[in-house]
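# Architecture and fold: a report
The residues making up each chain are set out below.
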Amino acid sequence: MNEAPSQRHEPHEHDGPEDGAGHEGPRPSRRSVLWTAGAAGAGLGIAGLGSGSAAAAGTGQAAGAATAAREAEAPRGKHKTMIGVPFERRATVRVGIIGLGNRGMGMLPLYLDIPGVRVVAVCDPVKDKAAKAVQLVTGAGQPAPAVYSKGENDFENLVERGDLDFVYIATPWDWHFEMARAALLAGKHVGVECPAAMRMDQLWDLVDLSERTRRHCMQVENCCYGRNEMRVLRMAHAGRFGKLLHAAGAYNHDLRQLMFDPTYYEGPWRRLWHTRLRGDLYPTHGFGPIANYMDVNRGDRVVRMSSYGTPALGLAEYRAAHMPPGDPSWKESYIESDRTFSLLQTAKGRVLRLEHDVSTPHPYSRINSLGGTKGVFEDYPERIYIEPDQSNDQWGDFSKYAEWDHWLWKEHANPPGGHGGMDYIMLFRIMQCFQLGLVPDFDVYDAATWSAPVMLSHASIKAKGEPQEFPDFTRGLWRKPRQGVDSPKPTA
């Protein structure tokens, strides 16, 4: 694929779902949080973030590791697994959207572009945004959707509607669990933006709720559907890289200007995360695709994770250079590592690397690398070296491997929407699985796995790199190979 970087990067720059947990102290009043744009509030207690956070902070590395091991143990399941459970077949999928900020409003037109999808309800406490959403829906020739704008808890009324099949959540992080929980309990399938939740117990609760309600709760991770990612995935599964050994993913994206822009975000929600956590705040863009390469939860699983972080200097330096005296940001103390590095080991002994950096100047990169006994792929820029195609230490041209494109990209060579088209490809596939009554490409176990590094990286950094045991959200069912994003083209 020869897309320009501007076409391929920044998969969730406009997300509404990137908002706040935090330092020791009570959770803010709901009324202090404008969840559409993500005003963060005072934050959640570190002790609730899971897998050794509090112990590592208070009683040292050994206690932290012991706590992590205990909390990583899978709670006994009370209900049948959701692995392999298909959607109920729906000729028309009826969608409700919660959150109409940058991300939600950007995804709305894509839902409207997919045949057989109706947007029947929208929710946002900012009435002007809801009104704009109604105009988009009616402009696409659909009936006006119901509007839920009576305060920040009106989503509770949306999810209770009897004419909804799928609820899409594009709100700040600290609302993801509460909204997904409400939708599941109301009998709706859920697609939630990244990450799925901000505490380990909440991830387990989503797993349990999905199993209990028999409804899917999915992390709508668009990078899993990038053209490069899907091509590499098919090549990996066909053995072109040999036996897989290592992979790397990242979210390295200079967001300093946007985080200090007084109009881009409604409130400093994105920046406030840097006053609360030290770890990888946004792991899923890098982790999701490489987890797919390695068949995580489908024949392998991550068993432990170690993280290290640099000093937190970038945002303070940017503030000193660009923000006037008296700006509210001068009251903030940043603790988030400018760059985090995490190593994850799988049950098969393979090694994954994750990075996160939104605070220093650098070109955009998700790294997106995969290596095996027959060669390696590296992205940003894309290049490949596999035997016997390449030799003499010279990179090969990845564009010559277009034959390996996933069938979704062959059917939709020029998809609408941003981020190089992967947003549309992802939504099209989810809706297709719904319409045909298929098993979705990913499930609640993937959502929990891809989100867990938020808590585990923070805990490991506080414990000076002490390895954190990685929960098995599948409760042992990861050993059975099964299909995922590299799914066959439906014949129906």
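Residues numbered from 1 in each chain as written. Predicted model: local features only at pLDDT ≥ 70, side-chain atom pairs only at ≥ 80, totals over all residues. Heavy atoms only, no water.

### Considerations on the environment of Lys80
Threshold: Only DSSP runs of H or I covering at least 4 residues are called helices, and only runs of E covering at least 2 are called strands; the numbering of each starts at the N terminus. Every residue pair with non-hydrogen atoms within 4.5 Å of one another is taken to be in contact.
Within the fold, Lys80 resides in the loop between helix 3 (61-72) and strand 1 (93-98). Each C-alpha atom, one on Lys80 and one on Ser210, is 9.8 Å from the other, the two residues being 130 residues apart in sequence. Residue contacts for Lys80: discarding those within four places in its chain leaves Glu211 and Arg214.

### A closer look at the confidence of the model for the protein
Applied cut-off: For every residue, the pLDDT score states the predictor's confidence, bounded by 0 at the bottom and 100 at the top.
In the predicted model, the protein carries a mean pLDDT of 87, and 84% of its residues have values of at least 70. This model gives residues 1-71 a pLDDT under 50, and the stretch forms 232 contacts once residues within four places in sequence are excluded.

### Section: the side chain of Glu211
Convention followed: Here the term buried applies to any residue with accessible area under 20% of the maximum for its type, exposed to any over 50%, and partly exposed to those in between, with areas from a 1.4 Å probe on protein chains only. Between N or O atoms, a polar contact is any pair within 3.5 Å; within protein, one atom must be a potential hydrogen donor and the other a potential acceptor, and residues adjacent in sequence are included only when both atoms are from side chains.
Tracing the sequence through the fold places Glu211 in helix 8 (residues 200-213). On the basis of relative accessible area, Glu211 is assigned to the buried category, the value being 4%. A polar contact of 2.6 Å, which involves the side chain of Glu211, links it to the side chain of Tyr445. Ignoring any residue separated from it by four or fewer positions in sequence, one finds Glu211 in contact with His79, Lys80, Thr81, Met82, Tyr445 and Arg475.

### Looking at the sheet that holds strand 2 (residues 117-123)
Quick note on the threshold: Pairing between strands is defined by DSSP: at least two bridges between the two strands are required. For helices, the fitted axis covers only the stretch in contact; all axes are lines through C-alpha atoms, and the angles between them, taken along N-to-C directions, range from 0 to 180 degrees.
The strand order across the open sheet formed by six strands is 3-2-1-4-5-6, and the pairing between neighbours is parallel. Two strands bound the open sheet, and with one partner strand each, they are strand 3 (146-148) and strand 6 (217-219). For this sheet, the mean angle separating the axes of adjacent strands, direction not counted, is 25 degrees. Bridge analysis of strand 1 against strand 4 (residues 166-169) gives four bridges, and the strand direction is parallel. Bridge pairing in strand 4 places Val95 opposite Phe166. On top of the sheet, helix 15 (residues 422-436) reaches strand 1, strand 2, strand 4, strand 5 (189-192) and strand 6; it is set at about 140 degrees to strand 1, its chief contact.

### A short note on the sheet that holds strand 9 (residues 340-346)
Ordered in space as 13-12-11-7-10-9-8-14, the eight strands form an open sheet in which the pairing is mixed. Both edges of this open sheet fall to strand 13 (383-386) and strand 14 (468-469), since each of them pairs with a single strand only. As judged from the two bridges shared by strand 8 (residues 302-309) and strand 14, these two strands associate in the antiparallel manner. Directly across from Met305, in strand 14, lies its bridge partner Gln468. Its contacts with the sheet put helix 12 (residues 284-293) on strand 7 (244-252), strand 8, strand 9, strand 10 (351-357) and strand 11 (369-372), and the angle it makes with strand 7 is roughly 160 degrees.

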